[in-house]
Structures are given as structure tokens and as C-alpha cells.
Amino acid sequence: MTAATSRTWTAVCRLEDLVPERGAAALVEGEQVALFRLLDDRVLAVQQLDPFSGAYVLARGIVGSRGTAATVASPMYKQVFDLATGTCLDAVGRTPVDGHGADLRTWPVSVVDGTVLVGGPS
Amino acid sequence: MGDDLIDGVTEPKHTETTGETRAAYRRDPEVDPVPAPGTGALGARQEGEPVTKHLVVVGGGMVAHRLVEALRDRDPAGTWRVTVYAEEPRAPYDRVALTSYFSGRDPADLALGSPELWADPLVDLHRDTRVTAVDRAARTVTAHRNDTGHVTTDHYDALVLATGSSAAVPPIDGADLPGVFVYRTVDDVAALRGWVQQQAERWARPVRGAVVGGGLLGLEAAGALQALGAASTVIQYGPRLMPLQVDEGGGEALRRLINAKGVAVRLNTSTTRIRPGRDGNARRMDFADGGRLDVDVVVLATGVRPRDELARAADLPVGERGGVVVDEACRTADPHVWAVGEVACIDGACIGLVAPGYAMAEVVVDRLLGGAAVFPGADTATKLKLSGVDVASFGDAFAHTPGALELVHADPVAGLYTKLVLSDDAATLLGGVLVGDASAYASLRPMLGRRLEGDPGAYLLPEGAGAVGRPQTTLPDDAAVCSCNNVTAGTVRAAVTEHGCTDLAGVKACTRAGTSCGSCLPLVKKLMTTELERAGVTVSTALCEHVELSRAQLFDAVRVTGLRTFSEILAKHGRPGLDPAARGCDICKPVVASILGSLGVGHVLDGETATLQDTNDHVMANLQKDGSYSVVPRMPGGEVTPEGLIAVGEVARDFGLYTKITGGQRIDMFGARIEQLPHIWRRLVDAGFESGHAYGKSLRTVKSCVGSTWCRFGVQDSTALAVELELRYRGLRAPHKFKLGVSGCARECAEARAKDVGIIATDKGWNVYVGGNGGFTPRHAQLLAEDLDTATLIRTVDRFLMYYVRTADRLQRTAPWIEEVEGGLDGVRAVVLEDSLGIAADLDAAMAAHVEGYADEWAATLADPHKLARFASFVNAPTTPDPSLAYVAERGQVRPATPAERADAARPVLVAGTTLAVRR
Ligand SMILES: Cc1cc2nc3c(=O)[nH]c(=O)nc-3n(C[C@H](O)[C@H](O)[C@H](O)COP(=O)(O)OP(=O)(O)OC[C@H]3O[C@@H](n4cnc5c(N)ncnc54)[C@H](O)[C@@H]3O)c2cc1C
Ligand code: SF4
């Protein structure tokens, strides 16, 4: 994969630092990002902030799937999010805390020579 | 014993006011709002119709409660308002469950009726107020407030007498001495308990109790005395126990069983006198045969007398042996006056059971609302469990029907007596007596008056005996299944077929079946399942969109096949058509993790298993609302040394943690950040602590009192047992968290009966109770077995827990599991104590393997650098604290800052890590 040139990319860690199907938090330009390495070595990134609790915990949720979408379930109140799009798939009857939407922000990720890079805004 | 489950009630035959009718009348709050008083049904009222009518109920007992509830249910327009005068100082309570008061239940637990019922503007309850006179001509009652002496008169349009009975005091010399009690109200049992405790403290020996009367009530009182730690002797005038319910053979079997439980029985004995001791308290009983008995407490349980004094004074006809005479509509000679419950003399007799009273209440409500219901007649079927002895009696138990055949099976060694009464062609069931094993009662009782399919002899044998099982009976739709709430088999079936209920909770809510005493639940469940199967509704027991099996099935599959990774399990047991890339979810993954944990497969963080864990299990701490964790080291049995306490205190101080004592008798430390956890645990492990598993769906704690080592009253060493049990079951993964408790005597200071497994010391060993829990629906544990020695106790708890671990649903606590599992509590008892499924050896081996394989998860984690790598706060900044965490000081400790406090720049919050933590 080649990194797009128009955005800034931050090297975060080596691919082998990430455990398949278990998230890890990273600090990217002062923001908390949750990284998920899937079984096929794809790496996806969403915000670490859980909009339904206001705590920075999403990397600690259980990774799974709904239909064909890879998902994470919040460890706090169990909302399920699509890791690729950030869409909240199941709010389990709750609403996000004030000032937050239910869907997650996502970041582009690229793995170059075993290094995991997270892309900034283009 | 303390847990005497009196699930006995009578069964009125089919009535016009069954569950169905009831449901049809039930108020729909959306459509029929309750009108405010006075405004009543004004809107709907026709010209010339009277204003809201006034019903006065005298007596605030069980039947009065049912009447008010039924009226408010069926009179949505509010054509009646009701005033209840209750002499006792409390709202109506469950008298049938009175004895549970001795097992530590709060009187408030016995309360009947939701708070909303008593707050209903059309319901006016006056407690502590006695009606002293009825003026039928003026249609008024005179009420007298006991505490203030205030007297009022109140006009009625209809009057219901629901005054119940009072305990009869036999004309024995000395029946009024201090230390002699009756057994009818909460105040009676509270006084009795106080007395026995006071005597226990006074004399350095077991308290000696006697019960006069060997009927249902007397045996219950004897059990209660035993539960209080007193010895008890039942003195029966006649030749057998429970003469109204069981025949001679049954009475003899019952006597033997009760005797074996440590209650002495004297038959054919008449008490002539109770003599006082030097202190003026009851001290000795003299009998007509010249015998005597030294006593410290006497309970009189010789019968009840209907409280018909108001009716007599108002010149209403009373029965030969008392009771207000009523017709089949429960109406007295005065068309404005009705009588229900124990005070009503119907068909020439008063009935001392609650279910017929409930039926009468429904009849009167129906009549008040213009209906034509009649009392269906009462059958006096009874089932009860006294000190773990099963007794049931139903229908024509004494074979009075001409030509009736009696089919008897008696096994004196096993203490069993079973009798069926059949019609002369041996086909129709007329009645029966079951002593020692009443498990056939639930299926037999609804068959009363109907043809029994198959060989009736099969019902006589204990369940599981012989090669042939009990015949499968098909209950007719009109057979009453739940006699407490009068719900028929048809109603239960309709709940499934017409109302779409698919589980027991739904059926209970829809029909009320099994919501009172619960003895019919196994039968209700069976009916429901059959109906679901018949309707072709496959009740999906699939765990989630990925796994086809239920948790119990999955457990067996994993146990038997030896599959040990999630990928293998998903490949084998994934739902058909599952996307090959599917990877499970937050439902099936933790279930598999728990099953592997129960089976003792490796460490929680080994290999792929680590990906299955909830964050709590993954970092072995409890996630808190701000994303920090709490840490709980194990303190078995709640014991901790001073050095241990100091070590915990130092850790909490050095890491800036908030500390609190938990309900499980240990210390919880809050505010630990993920990257601090290994450092905290290094210190704790070095100080000799291990994981407390506060994070796991596993054993939490074994709460205990100090027991006989320190306590003046203790009869066994409860702490030592608690420590032993906690070390035995620590780390055992289960469908839900579970707790144990051990008390050193019947005073129950450890609140063991609020636990999944509660153990209470007795003079002879341990009583074990199961299925208690707090949480959303608090439950008291029910008696599983009595007077076990320590080895038998441990084996019993081993099997109970393993059986639960294997067969419960995901997140199902022990109480609902016991309700749902095959055979209910009796079924569990059979599996655990009698090995009815032949799996006991297997359960024992599984528990032995667990005990053998236990290792502290935290010590193992600290020893493995790969595992420690999981505790980085950020993959690119492993020791940087989460910058969002913020705390403020409160009562000398930290707590998370509120959003407002964070926003308030004028009041700086402590940012964890920068000021609080000590890092190595
Ligand atoms: C220990 C025990 C165990 C039992 N077990 C069973 C069992 O297993 N199965 C079963 O079916 N039945 C059982 N019973 C019987 C059952 O409790 C009664 O049948 C039932 O309570 C009768 O209800 P009731 O409303 O008619 O009378 P009660 O519940 O006695 O209520 C009458 C109330 O009216 C009050 N009252 C009386 N006169 C006045 C007045 N003038 N003014 C104001 N208030 C007045 C009384 O104080 C009392 O509170 C048991 C009873 C006891 C004591
Ligand atoms: S329960 Fe325990 S602490 Fe309470 S009185 Fe009995 S032995 Fe003592």
C-alpha cells in the first residue's frame, strides 16, 4: 500500500505491537485514537472516546463482527460500532452524552514495511 | 426449618372468576385512566345514576387485600371507592409465609400489594384501627383508632367482613402464663422470637419448646422453634399428626420423618396444665396420663376461631361452630353485607385456607360490579414442606367416596408413604396423600376428577425409580395449574398461542401463574414448552447471530469435543450460513471465555483466549465510569492480618487510590489507571495477596461472621469454613458472578441467605440454602439440605455450583436458574443429593480439577512480559496517563471530577498521574 501524499502520516507503532482482535490506544497529534488489528492484518482506527460514556475506552472493547462488518463493542455500555465507517450499529437504548454524536470519527491507516501509520486530515 | 416453604393452598375448582375473566377485566391504564376521587366516573355517568359508591371492608388481611386489588383491577371507571379498616398496625401481609420471619425475613418482605395499590386515590387504608360496631339500619360502621383512641363513624353502600380468625386458646390452666404464645400474626411471631432469644441468653443450654397441636400449624410452629435453635416437642391430642389432611399410614410416616428431623412427638396426649416456675414463667407441662415435660416456651396451635363478633352483635346469622353465614354469592342475610375469607361460613363451614378466601373475594367483586359469580366450592388440597419433609394431601384423601379404591405404597425405611384414591373402576383420580416425596403432586392435583392415563401405580413410586417413568399426562384446559392465582392450563397455553409469550417470565407476567408460592412453576414451564413446540415456534436458544447453541449446549459441546479455541468452536458450532469472515461478538466471545475458564483451560490472557475477554477480565480489574479501574485483593472469609491491612493502605496511599470497604468484606481501591495495574499488583503480590476476582463472572466472596471462635452464640466455626470455601472456589468461572455466606448460628449475622449459597450452622452441622441474591430482584435462598457434616456440605456445594456452571444460561443468576432448571429446586436437590442424573461423579471430578488447577492470575501475569505489554496506556506512549482523567478531593480522598468541575477553570482539578502516582 502506498501512502497518499496529500496528508500527514504519523508513525505509531510496528504491526507486531498490535494484538490481532484486541484494540490499542495511541496518541496522534494530541488526540486519542483506538487502533484495531484484524485477523487479516488490516488496521482500522476510530476515536478512543466512547460517545455514550464520555470516557476514553473504546480500544478496550471486544472486537467482533455484525454481518460482514468488523465491529467493536464499547466496554462501558456495550454499544456496537462499525470499525470501518465509525457508524453506531446498536445504541442499546441509550443516547450519547451531551455534545457528542453516536457515530465515531475514523482515521485512515496504512501499514508500510510493518510500520503502522495514521493519517491526519488531508 | 427457617425455610419452611408453605406452598400449600387450596384449590377451588373452576370458577367464573378465573385468570381469563380476570385478564379480560384488567384495567388498561392507557385507555382507562384512574379517575380522581370525587370526580369519579362523572364524565361517563348517566343522568340519575348514583355517585361513586362506598365499600367498607372490615379487616386488613390476605383476603381483604385480594378483594381490594381485584376491585381496582376490574372497576376502571371507579364506580366504587373502598375504605379498609385494619386492626393490625401494618398493611396486609402474607400470613401464609409468616414462618419465614424466623429465617430473618423482614416483616416488610411479607407485605402484600404494590405501594401503588395503597396509594390509589380510590383506596383508603386505615391501619391500627378496629371496627367496633356495625349499624345495619343506618349502614354505618364505628371505627376506633388504637393509638389515638379516636372514634369515627363511616357510611357504607356495601360492607364486607374480612375479619379472619383468631388463634383459639384451649381451656388449659396456665395458658396465660408468660412464655405461652399463639401463632397467628407478625406480632405473635416477633414476640415468640424475642422470648426464645431471651431464654437462650439466660440459660446455658438449648431452649426447650413445646407445641400443643399436631396439625399443619403446629408442625409449622415446631419447625419455627427448631429454626430458632430450640428443641421442640409436638403434643397431639389425637392419634396422628395432621389428622385433617393425612390418613393413618401417612400420619405415621410423617411422625417418623419429623422425629428424624429432631422434633419429638407425643400422640394421644392431653395437656392438663402449664405450671409456672419460680420466676412466674411457664416452666412445666402436666399431661392427663401423668407425664410431664419441662419447658421454656409453649406455642398453642390448637385451632382457630372465626372473628364473627361484629356479625353476632349486628344480629347476622352465624354458623353452628361460628362464622358469618353466607350464600353462594358470599352475601349474608343482609343484602348490603358480605363476608369473605376465614370468617365466612359457607356451605356450613369456615375454611382455614387462603385460596378459597381469594375465590370468595373475586366472587364479591364480581357481584359488586353487577356480575353473577358464585363460589365454586373449595377443595382443601394442601402441600407443604416442613423442615424439609414433603407432605401433600388433596381431593378425597380419606376415600369417603362409595366404592373408592385406595392404592398405597409405603416404604418405612425411606420414610415414604404414597396413596392414591381412585374411582371403583380404578380409572378416575379422586384424591391422594403423599408423605416424604410430594414431587408427583404438581402433576396429579390438576388431574383430580379426571381419568388417569397409563398405570396409576407409576405415580406411587418415587420419581426416577424403576425403569418406567411417570405416565405423560395431558392436562385438560380447565385444570387449575396455579391454585394460588387460579390459573388454568388453558390460560397458560393461551399465553403462548394468543399472547405470544415465549419464556417463563413472559408467561408469569401474562397469567400471574407461579407468582405467589411458585410451586407450580415446573408444571407451567412444561406446559409452555409443549405449547411452543406444538405451535412450531422454535424458541431460539441460539446465543447470538454467530453461535447456534445455547450456553448450556455449548458448554457440553466444548467439554466433550475438547475444542479449545474460539476459531475452532465458531467453525464447528457457528450458525449455518455464517459469513466465513464472521468473528463473533461481545455476547458469544465472553461466553466462550467463561466456558474455557470453567473448564480450566489456561490463563485468561493465553493466546486467542485473550481476545475473548471483557475488559474487566482482560486487565483483571473493574472498569469504572471514567475509564479507570478498581482493584480488589482477595481476603478469604473477610479475614485480613494487620500487616495485610497496612500493605493495602500503603499501596492505596502511594498510588492515590480511593478506598472503600465492600459488602463482601474486603477492600476496593478505585482510580487505578490501566498502566498502573501491574505496578499495584506487584506490590500486592509481594505482600502476599492474590487476585480477588472482583472483575470476573466467578466467585466473589464468602462472607462470614466470626462464629464459635469468638461469638458467644456461635455453634460452629463459620470463619474457618468460609476461608476453606473461598480458597476452594476462588477463580471458578460461572455464567454470572456468585457469592457465598456462612453464619455461625441461626442468628445469621453473615446474611448468608442473601447469597447464592448460604450456609448456617446448626447444633448438628450445617444447613445449606441456595438461590439467594441481591441485585434487581432480591431473593432469599431456599433450603437445600440440613444438618450436613462439613465433608458432605462441601461435596453438596461442589455439585450445586458445577451443575449451575454447566447448565445455566448466559448471565443467569442462581435464583432464576433454579426456577428454570428441570424439576426446579426439587430437581436440583435430586441431582445434587441423590445423583438422579448419574452425573455426580463427573461434577465432583470437575470441581476437583478446578481446585487442583487453580493458580493466581495476577502472579502469572506479572511473571510474563508478553502479558504485561497489554497494560500500556498508549501503544506509542506506554506510560503516559490518559490525559482526560481528572479528580477532585472529597472527604479526604479522590473522586472523578464532574463535567461541571472540569469546565470550571477557576477550580483546578487534579490530573491523575502528574500529581498522584508513584511510579517505579
Ligand atoms: C402460620 C400460618 C401458616 C399458614 N399456612 C397456610 C398455608 O400453607 N396454606 C393456606 O392456604 N393457608 C395457610 N394459613 C391460613 C391463611 O393464612 C388464612 O387462611 C388467611 O390468612 C385468611 O385470610 P383472611 O383475610 O380471611 O384473614 P386474616 O389474614 O386473618 O385477616 C383478618 C384481619 O382482620 C383483622 N380484623 C379482625 N377483626 C377486625 C376488626 N373488627 N376491625 C379491623 N380489623 C379486624 C385481623 O386483625 C386480621 O389482620 C396459614 C396461617 C398461619 C397463621
Ligand atoms: S451468626 Fe455468627 S456472629 Fe451472629 S450470633 Fe451466630 S455465631 Fe454469632
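From a predicted model like this one, the values you see are computed outputs, not experimental measurements.

Draft legend 1. Quick look at the overall build of chain A. Looking only at helices and strands, chain A has zero helices and eleven strands in total. Its helices and strands taken in sequence order, chain A reads β-β-β-β-β-β-β-β-β-β-β from the N to the C terminus. Here chain A holds 122 residues, and 52% of them are scored as buried. Sequence separation of at least 24 residues holds for 44% of the intrachain contacts in chain A that already meet a minimum separation of 6. Total accessible area on chain A stands at roughly 5,200 Å², and carbon and sulfur atoms take up 49% of it.

Draft legend 2. Seen up close, the packing of helix α2 (residues 62-74) of chain B against helix α8 (residues 354-368) of chain B. All names here are of chain B. Interhelical geometry of α2 versus α8 gives an angle of 35° and a closest axis separation of 9 Å. The two elements α2 and α8 cross, and the hand of that crossing is right-handed. Listed contacts from α8 to Met-62, Val-63, Arg-66, Leu-67, Ala-70, Leu-71 and Arg-74 of α2 are Val-354, Gly-357, Tyr-358, Ala-361, Glu-362, Val-364, Val-365 and Asp-366. Each residue belonging to the contact of α2 with α8 can be placed in one class, and the counts come to ten nonpolar, one polar and four charged.

Draft legend 3. Local environment of unusual backbone geometry. Residues and elements named next belong to chain A. A positive phi angle is found at Glu-21, which is not glycine, with a value near 60°. Along the polypeptide, Glu-21 turns up in the loop between β1 (9-14) and β2 (23-28). In this model, Asp-113 sits at a positive phi of 50°, which is unusual for a non-glycine residue. Within the secondary structure layout, Asp-113 lies in the loop between β10 (109-112) and β11 (115-119). The exposure class of Asp-113 is exposed, given its relative accessible area of 71%.

Draft legend 4. Highlighting the side chain of Gln48(A). In this structure, Gln48(A) sits in the loop between β4 (43-47) and β5 (62-66). Discounting chain neighbours no more than four positions away, the residues touching Gln48(A) are Ala25(A), Gln32(A), Val33(A), Ala34(A), Ala55(A), Tyr56(A), Val57(A), Leu58(A) and Ala59(A).

Draft legend 5. Seen up close, the site of ligand 2. As a structural note, the neighbourhood of ligand 2 is formed by Cys705(B), Gly707(B), Cys711(B), Phe713(B), Gly714(B), Ser743(B), Gly744(B), Cys745(B), Arg747(B), Glu748(B) and Cys749(B). Each residue belonging to the shell around ligand 2 can be placed in one class, and the counts come to five nonpolar, four polar and two charged.

Draft legend 6. How the structure looks around the pattern of salt bridges. Residues and elements named next belong to chain B. Throughout the structure, instances matching the rule amount to 65 salt bridges over all chains. The shortest N-O distance in the salt bridge between Asp-279 and Arg-202 comes to 3.1 Å. With Asp-279 in the loop between β14 (271-276) and β15 (282-287) and Arg-202 in helix α4 (residues 186-202), this residue pair connects regions lying 77 residues apart in the sequence. Under the relative-accessibility criterion, Asp-279 is labelled partly exposed at 33%.

Draft legend 7. Structural view of the interface of chain B and chain A. At the interface, 34 residues of chain B touch 31 residues of chain A. Taken together, the two surfaces of chain B and chain A that pack against each other cover about 2,500 Å², and 55% of this comes from carbon and sulfur. At the junction of chain B with chain A, the criterion picks out three salt bridges. Every element with two or more residues in the side of chain B that touches chain A is listed here: α15 (588-598) and α16 (615-619) of chain B. Counted by class, the side of chain B that touches chain A contains twelve nonpolar, twelve polar and ten charged residues.

Draft legend 8. Here's a closer look at helix α5 (residues 216-227) of chain B. All names here are of chain B. Taking 1.5 Å per residue as the helical rise, α5 with its twelve residues ought to reach 16 Å, and the 17 Å between its terminal C-alpha atoms agrees with that figure. Counting buried positions along α5 gives eleven out of twelve residues, so the element sits mostly inside the fold. Taken together, the buried positions of α5 are Leu-216, Gly-218, Leu-219, Glu-220, Ala-221, Ala-222, Gly-223, Ala-224, Leu-225, Gln-226 and Ala-227. One or two residues past the end of α5 sits Gly-229, with phi positive at roughly 90°.

Draft legend 9. Region of the structure containing the sheet that holds strand β6 (residues 69-73) of chain A. All names here are of chain A. Spatially, the four strands line up as an open sheet ordered β5-β6-β7-β8, and their pairing is antiparallel. Both edges of this open sheet fall to β5 and β8 (88-90), since each of them pairs with a single strand only. Each strand axis lies, on average, 40° off the axis of its neighbour in the sheet, ignoring direction. Examined bridge by bridge, strand β7 (residues 80-82) and β8 share two bridges and lie antiparallel to one another. Residue pairing across strands places Phe-81 opposite Cys-88, the latter belonging to β8.

Cut-offs and rules
- Residues numbered from 1 in each chain as written.
- Chains lettered and ligands numbered in written order.
- Predicted model: local features only at pLDDT ≥ 70, side-chain atom pairs only at ≥ 80, totals over all residues.
- Heavy atoms only, no water.
- Helix = DSSP H or I, 4+ residues; strand = E, 2+ residues; numbered from the N terminus.
- Buried < 20%, exposed > 50% of the residue type's maximum accessible area, 1.4 Å probe, protein only.
- Contact = heavy atoms within 4.5 Å.
- Areas by Shrake-Rupley, 256 points an atom, 1.4 Å probe, with all protein chains shown as cover.
- Axes fitted to C-alpha atoms, helices over the stretch in contact; angles between N-to-C directions.
- Left-handed = near helix turned anticlockwise from the far one by under 90°.
- Nonpolar A, V, L, I, M, F, W, Y, C, P; charged D, E, K, R; others polar.
- Near = heavy atom within 4 Å.
- Salt bridge = Lys/Arg side-chain N within 4 Å of Asp/Glu carboxyl O.
- Buried area = accessible area lost by both parts, 1.4 Å probe.
- Expected span 1.5 Å × (residues − 1).
- Pairing = 2+ DSSP bridges.

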